[in-house]
Structure formats: structure tokens, C-alpha cells
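# Topology and contacts: notes
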Amino acid sequence: MSAAESEPVLQVRDLVVDIGGDDAQPALVDRVSFDVHAGRTVALIGESGCGKTMTAMAILGLLPPAARIVRGQILLKGRDLLALSERELRQVRGAEIGTVFQDPMASLNPTMCIGDQIAESRMLHARENSRRARAKALELLQEVGIPNARTRLDAYPHELSGGMQQRVMIAMAISCEPALLIADEPTTALDVTIQAEILELLGELRSSSSMAMLLVTHDLGVVAGNADQTVVMYAGQVAESAGTSSVFAEPLHPYTSALLRAIPQNGAAHTRLASIPGRVPAAGHLPIGCRFFSRCEHALAGTCDAPDPQVRQIRPQHRTSCVRVESPASKTSEEARGE
């Protein structure tokens, strides 16, 4: 059975995250939907402030105090996470969902050696005693490529390089063999060589365990080489979603096209980089209608600023919220009427 035919590990359906409880305020995350299948990687991309991390935190049940989920479903292997208590969610986090964050030093406990930090997860979720948990921690450090793993078990986070700290975070994230791994900007703080090593490691772990992966990033180069599916977010909404090759080869939304034009090109020395004028609207100032309207070079007043744009399927497995994009079927119908 193909990934497309199998039941998704993660299903996000019509997710709406509001802040402050003001019904007149446009949602920070607005009607976001996507699936992540076993052994596949889905990337959430977009500029800072587009709702990528907010979506990931909603899945984990770790939203800031002012934010709340007002609508939607988040299903993990068919189980609705929004129906769980905080105690039940704590059992899911770490056991069924592993997480790798951007800054390992902000996530690792500086007062505990790394062996104990990895073992703690095994003791909590797998109910192992400390001896077996430490033995498993050693196996995990070896699996993620930590040199001299036995010695490193008793090292503290500050004694490791940034790349090794991130490998420790990955070891912790996969320690209980989760069905889903959420990687939120996992390589941003690393140099290019270490980035490549970490991404290769994540790819190998995903393939060997059939783990589903949600990759949150703004780095389109990382997406092109590592994601099967791409969801482009803008100001809390899905602008476009499709297979990664389709998004890069034939983008449908003007925002996606603008992002791709901004990628530096080989052999284009002494040329000015393309940029998108303006900035992502701030929370509290989100426009009604297409949220990209004020920055879009193709915007039409009276069309693109109409309220409540919907994400529509234009091609097989390729969806966009741009109201100016027509499906092949609608074009054929218009041509037939014209004749």
C-alpha cells in the first residue's frame, strides 16, 4: 500500500487557533489542513510570523496561554489529541510524538548529564529501570553518530558542540520510537556542513523506522532535498500545498512564486536578490480576504480582497487559496461556453 493510500499518521483538519477570545479578530492559524503519512516528510514553509510554529505547538498541546484552539481536529493514528486531558497529552509527547527544536541548549537541561536526560524519557514512557534506560541511551547515542558515546553519556550539554547537542536532541526525540517526529527549524543554528549531516541523519531515521516527520522551516533548500510534501503558509493560512516537486516546478500561488524567486541562484553573481515588498501582517492587523493582497503584484481589487478565500484543489493533489487560479476543468468549461 502506498503512502497516499494508507491511513495518515497525523491528520490536521480545519485547525483554527485564536488569541484573546475576540471573535472579531482574524485567527492566527486559520483553517489549516494537511496529512503526514508514515515514512514521509511534510514541510511547513513560509516567512517568520506565518503560523508554522504555532501550528506545530497546537499539535503538541503547547500553545502559549493567550492562544486557544477554537475549531478543528488533530488526529494521531486516528486518536483526537484535542479530546485528551493534559495528563494524557504528557503521555503522548515523547512517547508517540518526538520533537526536535531549533536551539538544543534551550531544550537540554544544563544540570543533567546527557545520558540521564535520554534515560529519563525511557524510564517515564517505557517504564524501564535506570540500568536498562542508560543502556538504551548508549545505543541511541551510537545510532545518532555521537563519537565515543560511552564517554559522552556522562557529559553535560555545555561540553558538546552545537552539532552534537542537536544529535542528543534527536536521540531524545526518537528514544521511545515515536510515530511522528516534529522538527522545528532543526538546523538553523548549525553551519552548513553540520546541517547536511543532521538532515541526512533525520532522513535515515525516518526511512529505517517508517516514522512520519513534520519539518518546520523557512529554508527552501532544506525543503527541496528532504520533503515529500510541502505546505506553504502565509499569515496563518495555507496558501498552497502539493508534492514538493510540483510546488517548486509549477507554483500556483503568487506568494510561493515570490519565495522561489528569492532563492539565490548559482552563476548569478553581482545581481540583486529578488525580495517581497512589505512584511507579513502582524496579529491584530490581519486583513479580511487574501492576506497576501497588499504585497501581491497580481492582486485585483474587488476579487482578491473578497472575504473568506477557500483552499481549492486545482490539480491532482495540488491545492491553493489564490482565487485567481483556475482549474483545468473550469477553463475547459469556459472555452466550451465561448464556442
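This report concerns the structure included in the present document. Note that the structure is a prediction, hence the values are computed from the model and not measured. (Residues numbered from 1 in each chain as written. Predicted model: local features only at pLDDT ≥ 70, side-chain atom pairs only at ≥ 80, totals over all residues. Heavy atoms only, no water.)

## Structural notes on the packing of aromatic side chains
Evaluated as defined, the whole model comprises three aromatic pairs. Ring geometry for Tyr-234 versus Phe-292: centroids 5.1 Å apart, planes at 80 degrees, classification edge-to-face. Pair noted here: Tyr-234 is in strand 9 (residues 229–234) and Phe-292 is in the loop between helix 11 (254–261) and strand 11 (312–315), with a separation of 58 residues, a long-range link. Accessibility expressed as a relative area gives 3% for Tyr-234, which makes it buried. Members of the aromatic cluster, joined through ring pairs, are Tyr-234, Tyr-255 and Phe-292. (Phe/Tyr/Trp six-rings, centres within 6.5 Å; stacked < 30°, edge-to-face > 60°. Helix = DSSP H or I, 4+ residues; strand = E, 2+ residues; numbered from the N terminus. Buried < 20%, exposed > 50% of the residue type's maximum accessible area, 1.4 Å probe, protein only.)

## Observations regarding the pairing of strand 8 (residues 212–216)
With respect to burial, strand 8 is a largely interior element, five of its five residues being buried. The alternating pattern of strand 8 places Ala-212, Leu-214 and Val-216 on one face and Met-213 and Leu-215 on the opposite face, and all of these are buried. Examined bridge by bridge, strand 3 (residues 41–45) and strand 8 share four bridges and lie parallel to one another. Bridging across to strand 8, Leu-44 finds its partner in Val-216. (Pairing = 2+ DSSP bridges.)

## Considerations on the sheet that holds strand 3
Taken together, eight strands build an open sheet; the order of strands is 6-7-8-3-9-10-12-11 and the sheet is mixed. Looking at strand neighbours, the two that pair on one side only are strand 6 (97–100) and strand 11, the edges of this open sheet. Neighbouring strand axes in the sheet, compared pairwise and without regard to direction, differ in orientation by 20 degrees on average. Across six bridges, the pairing between strand 9 and strand 10 (residues 237–243) is antiparallel. (Axes fitted to C-alpha atoms, helices over the stretch in contact; angles between N-to-C directions.)

## So, the side chain of Arg-295
Of note, Arg-295 is situated in the loop between helix 11 and strand 11. A distance of 2.7 Å separates a polar side-chain atom of Arg-295 from the backbone oxygen of Pro-277. Leave out the neighbours within four places in its chain, and Arg-295 touches Glu-47, Tyr-234, Ile-276, Pro-277, Gly-278, Arg-279 and Val-280. (Polar contact = N/O pair within 3.5 Å; in protein donor to acceptor, adjacent residues only side chain to side chain. Contact = heavy atoms within 4.5 Å.)

## Points about helix 1 (residues 52–60)
The element helix 1 is extensively covered by neighbouring structure, given that seven of its nine residues are classed as buried. Every buried residue belonging to helix 1 is among Lys-52, Thr-55, Ala-56, Met-57, Ala-58, Ile-59 and Leu-60, and all of these are buried. Phi turns positive one or two residues past the end of helix 1, at Gly-61, with a value near 70 degrees.

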